[in-house]
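Inside the fold
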2 protein chains.
Amino acid sequence: MATGRNHRPATRSRGIPEATVARLPLYLRALTALSERSVPTVSSEELAAAAGVNSAKLRKDFSYLGSYGTRGVGYDVEYLVYQISRELGLTQDWPVAIVGIGNLGAALANYGGFASRGFRVAALIDADPAMAGTPVAGIPVQHADDLDRIISENGVSIGVITTPPGAAQQVCDRLVAAGVTSILNFAPTVLSVPDGVDVRKVDLSIELQILAFHEQRKAGEEGVDTAPDPAAPPVRATTGRKGPDGDMPAVMPA
Amino acid sequence: MATGRNHRPATRSRGIPEATVARLPLYLRALTALSERSVPTVSSEELAAAAGVNSAKLRKDFSYLGSYGTRGVGYDVEYLVYQISRELGLTQDWPVAIVGIGNLGAALANYGGFASRGFRVAALIDADPAMAGTPVAGIPVQHADDLDRIISENGVSIGVITTPPGAAQQVCDRLVAAGVTSILNFAPTVLSVPDGVDVRKVDLSIELQILAFHEQRKAGEEGVDTAPDPAAPPVRATTGRKGPDGDMPAVMPA
DNA sequence: CAATCTTTGTGCACGCGTTCACAAAGACAT
DNA sequence: ATGTCTTTGTGAACGCGTGCACAAAGATTG
């Protein structure tokens, strides 16, 4: 198995903390909004409010990039936009391939957030031969058989997986073999990748389940009776069937 | 502003750490797969591998739920599925409303991950009158004017926002006013909500930007020349225009 | 029933991330 | 030029999350 060693030794090199990197896009977005309104400078306080974070955290985050602020004044908006963009690697073009053009894949292809900011949908790939040639978001879908060639020819290093869970690992392997080193995975699957390949996952049902947890807690804090039965201890029936306190609702995860 | 106070005082009450809660859905998914294969028990080692985490971490996570394992044997799959489902609140029905039926909203409505596991798409809402009545994923789209009534009548406490960024805050406010206390936000916006309302965000472009950062780093680690110029210091031109080392590419975030 | 072997549950230490609080830096006014 | 006022940049403390390593628990075997 070995999911490429699970621990991330954090961002070494010049050492920008991972948590900071994750917030840079947030700052960038807020700064861009200010830039469009021709606001010349912002204080850490204002920018932090716009980005929804703590001002101290923001200042510390920026301190990892260098001393780009002016004391008594704040940060130059345009300059900061440029610096963060450069740090994030957004000053160059990133061709992206989306594999699995179902509802979600098509939605992403049409999503404006991709086109802007350095990312370009370079290819749409699907395993269904019937889809080959069909244009989605103005881009013709190509067949998965040509995946390797498509990735190479377009110099794609970032792949987006929106296939059904069953196909995700196989697609992932092929992407990696073709040279992709960063993967954004929408399939509800744990992907195994070799070292050096980054995987980020976006999992809708996980997010919902986390919300449900808190929601249940909120409801339980008043009415109470959330944990009525101590529930049956691990009785551990001989083999399979077990019905401790009645019958369990056979929840259907995925 | 005040985004409902940014700090999360962690999960108090019986005190399941937030990080653990975030992993429970992962375990649940792995366990369900085992359950479908009629595997009676798993060791922490096996389950951890399937979920892509450390076995020690998994055991510690489970320890917050109680002592559900049997030493020398492992965990009873069915029983654990039930316990985690119950802990996450998945043994009850969660009616969900999706607001903003564009490409993404439609994709989510069709997404199988919603229907399963306790979540039910109870309503689709859009501001476009032309869409009203049109069935998406078998569910007729309703107009935003009736949002309040729709939420109330269906007892929706979890809302999903897939509107354009400009409309997100307004929709959010209306959802909250109607009684929604958990929001899954796909719009690239920082939402302000009152205390007691949970917001989780899924932001595609942020994920991509994080990948781009690491991708750039990887590329720079070999060829080097990633940071050629120390770049101009915060020269801070009188007002706006600034062209330190040429011209900045005017990156277009959102 | 005793010995052995497997696997859990957890005390402990370490490291990252967050927050506080303040000194230093610089703008601005006089 | 000097003083005041604003805001940055950061040292230090704290808390959470992670991983190690091992004792305790129980299954299993002889």
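Residue indices follow the written sequence of each chain, beginning from 1 at its first position. Labels follow written order: the first chain is A, the first ligand is 1, and so on. It should be noted that, the model being predicted, local features are given only for residues of pLDDT at least 70 and side-chain atom pairs only at 80 or more, the latter also being counted only at that level, while totals for whole chains, interfaces and linings use all residues.

A look at the environment of leucine 175 of chain B
Residue and element names in this part refer to chain B. Strands are runs of DSSP state E lasting at least two residues, helices are runs of H or I lasting at least four, and both sets are numbered from the N terminus onward. Its place among the elements puts leucine 175 in helix H8 (residues 165-178). Linking leucine 175 and valine 156, residues 19 residues apart in sequence, is a C-alpha distance of 9.4 Å. Excluding anything up to four places from it in sequence, leucine 175 contacts Val99, Ile151, Gly159, Val180 and Ile183. Note that contacts rest on C-beta atoms placed from the backbone: two residues are in contact if these are within 7 Å.

Concerning the protein's contact with DNA strand C
The immediate surroundings of DNA strand C are formed by 29 residues, with Pro17, Arg71 and Gly72 of chain A together with Gly69 and Gly72 of chain B found nearest. Those elements giving two or more residues to the surface near DNA strand C turn out to be helix H1 (18-36) and helix H3 (55-65) of chain A together with helix H2 (44-51), helix H3 (55-65) and strand S3 (74-76) of chain B. Top element by residues in the surface near DNA strand C is H3 of chain B. It accounts for five residues. Residues are grouped as follows: Ala, Val, Leu, Ile, Met, Phe, Trp, Tyr, Cys and Pro are nonpolar; Asp, Glu, Lys and Arg are charged; all remaining types, including Gly, are polar. In terms of residue class, the surface near DNA strand C is built from 10 nonpolar, 11 polar and eight charged. A molecule or strand has a residue near it when that residue's C-beta atom, placed from backbone coordinates, lies within 6 Å of it.

Considering the sheet that holds strand S10 (residues 198-201) of chain B
Residue and element names in this part refer to chain B. Spatially, S6-S7-S5-S4-S8-S9-S10 is the arrangement adopted by the seven strands of the open sheet, whose pairing is mixed. A strand with exactly one partner marks an edge of an open sheet, and here the two such strands are strand S6 (135-136) and S10. Only when DSSP finds a minimum of two bridges between them are two strands counted as paired. Direction of pairing for strand S4 (residues 94-99) relative to strand S8 (residues 158-161): parallel, over a ladder of four bridges. Following the sheet pairing, alanine 97 is matched in S8 by glycine 159. Where helices are involved, their axes are fitted lines through C-alpha atoms of the stretch in contact, as for all axes, and angles between N-to-C directions lie from 0 to 180°. Helix H5 (residues 103-110) rests against S4, strand S5 (119-126), S6, strand S7 (139-143) and S8 of the sheet, and its axis sits at about 160° to S4. Against the sheet, H8 touches S4, S8 and strand S9 (182-185), its axis set at about 170° to S8.

Digging into the protein's contact with DNA strand D
Close to DNA strand D lie 30 residues; Ser63, Gly69 and Gly72 of chain A together with Pro17 and Arg71 of chain B are nearest. Mapped onto the surface near DNA strand D, the elements with two or more residues apiece are helix H2 (44-51), H3 and strand S3 (74-76) of chain A together with helix H1 (18-36) and H3 of chain B. If one sorts the elements of the surface near DNA strand D by residue count, H3 of chain A sits on top with five residues. For the surface near DNA strand D, the class distribution of residues is 10 nonpolar, 12 polar and eight charged.

Some details on the domain arrangement of chain A
Domain annotation of chain A identifies domain 1 (18-87) and domain 2 (94-204). These domain boundaries are the output of an automatic or database domain assignment. Between the C-alpha centres of domain 1 of chain A and domain 2 of chain A the distance comes to 31 Å.

Quick notes on the pairing of strand S5 (residues 119-126) of chain A
Residues and elements named next belong to chain A. The buried fraction of S5 amounts to six of the eight residues, a majority that puts the element mostly inside the structure. The pairing of strand S4 (residues 94-99) with S5 spans six bridges and is classified as parallel. Residue pairing for S5: proline 95 is matched across the bridge by arginine 120. Relative to strand S7 (residues 139-143), S5 runs parallel, the two sharing three bridges. Its bridge partner being in S7, aspartate 126 is matched across the sheet by histidine 143. The exposure label follows from counting other C-beta atoms within 10 Å of a residue's C-beta, where the C-beta atoms are placed from the backbone and the thresholds are 20 or more for buried and 12 or fewer for exposed, leaving partly exposed in between.

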